[in-house]
Amino acid sequence: QVHLVESGGGLVQAGGSLRLTCVASSGRAFGKYTMGWFRQAPGKEREFVAAIAWSGINSYYADAVKGRFNISRDNVKNTVYLQMNDLKPEDTAVYYCATPDQSYVVHTSYSYWGQGTQVTVFS
């Protein structure tokens with residue numbers, strides 16, 4: 001069982017920044033798994049935001065956030081971060097971190113999800 005807990009959401013003015021944090025339980029080797037961030041806005045489907053491979057070398061971003069968001073990880077702390085800069089009202093959503101069941105894979109399905117943290121951006 002993998003437990004993920006997000007934090008760092010809040011209310012921020014457009015153009016501002018937030019850093020989201022996701023802490024994973026230590027029940028498995030965190031450094032062997034891709035970590036991802038997703039978001040779901042009111043009335044919309046959940047969408048991919050960013051992902052980072054097990055080593056932290058490779059990362060992937062949705063076009064909507066590319067150049068503004070940065071994903072990183074600390075495998076010692078079992079933590080993944082999402083630094084969000086130049087936030088826009090359309091970034092408003094509940095943000096979830098997630099991880100696959102399979103190790104050393106990317107672009108696959110995600111099996112474990114956190115409870116989400118709310119990000120609200122106003123203009």
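Right above here is the structure, for reference.
Residues numbered from 1 in each chain as written. Predicted model: local features only at pLDDT ≥ 70, side-chain atom pairs only at ≥ 80, totals over all residues. Heavy atoms only, no water.

1. Looking at the packing of aromatic side chains
Tallied over the entire structure, the rule returns five aromatic pairs. Taking 5.4 Å as the distance between ring centres and 90° as the angle between the ring planes, the aromatic pair formed by tryptophan 54 and tyrosine 104 counts as edge-to-face. Taken as a pair, tryptophan 54 in the loop between β5 (47-52) and β6 (59-61) and tyrosine 104 in the loop between β9 (93-99) and β10 (112-113) lie far apart in primary sequence, 50 residues in all. The exposure class assigned to tyrosine 104 is partly exposed, which follows from its relative accessible area of 44%. Here the aromatic residues Phe38, Phe48, Tyr110 and Trp113 are joined through ring pairs into a cluster of three or more. The ring of tyrosine 33 carries the charged tip of arginine 28 above its face, separated from the ring centre by 3.3 Å. (Phe/Tyr/Trp six-rings, centres within 6.5 Å; stacked < 30°, edge-to-face > 60°. Helix = DSSP H or I, 4+ residues; strand = E, 2+ residues; numbered from the N terminus. Buried < 20%, exposed > 50% of the residue type's maximum accessible area, 1.4 Å probe, protein only. Lys NZ or Arg CZ within 6 Å of the ring centre and 35° of its normal.)

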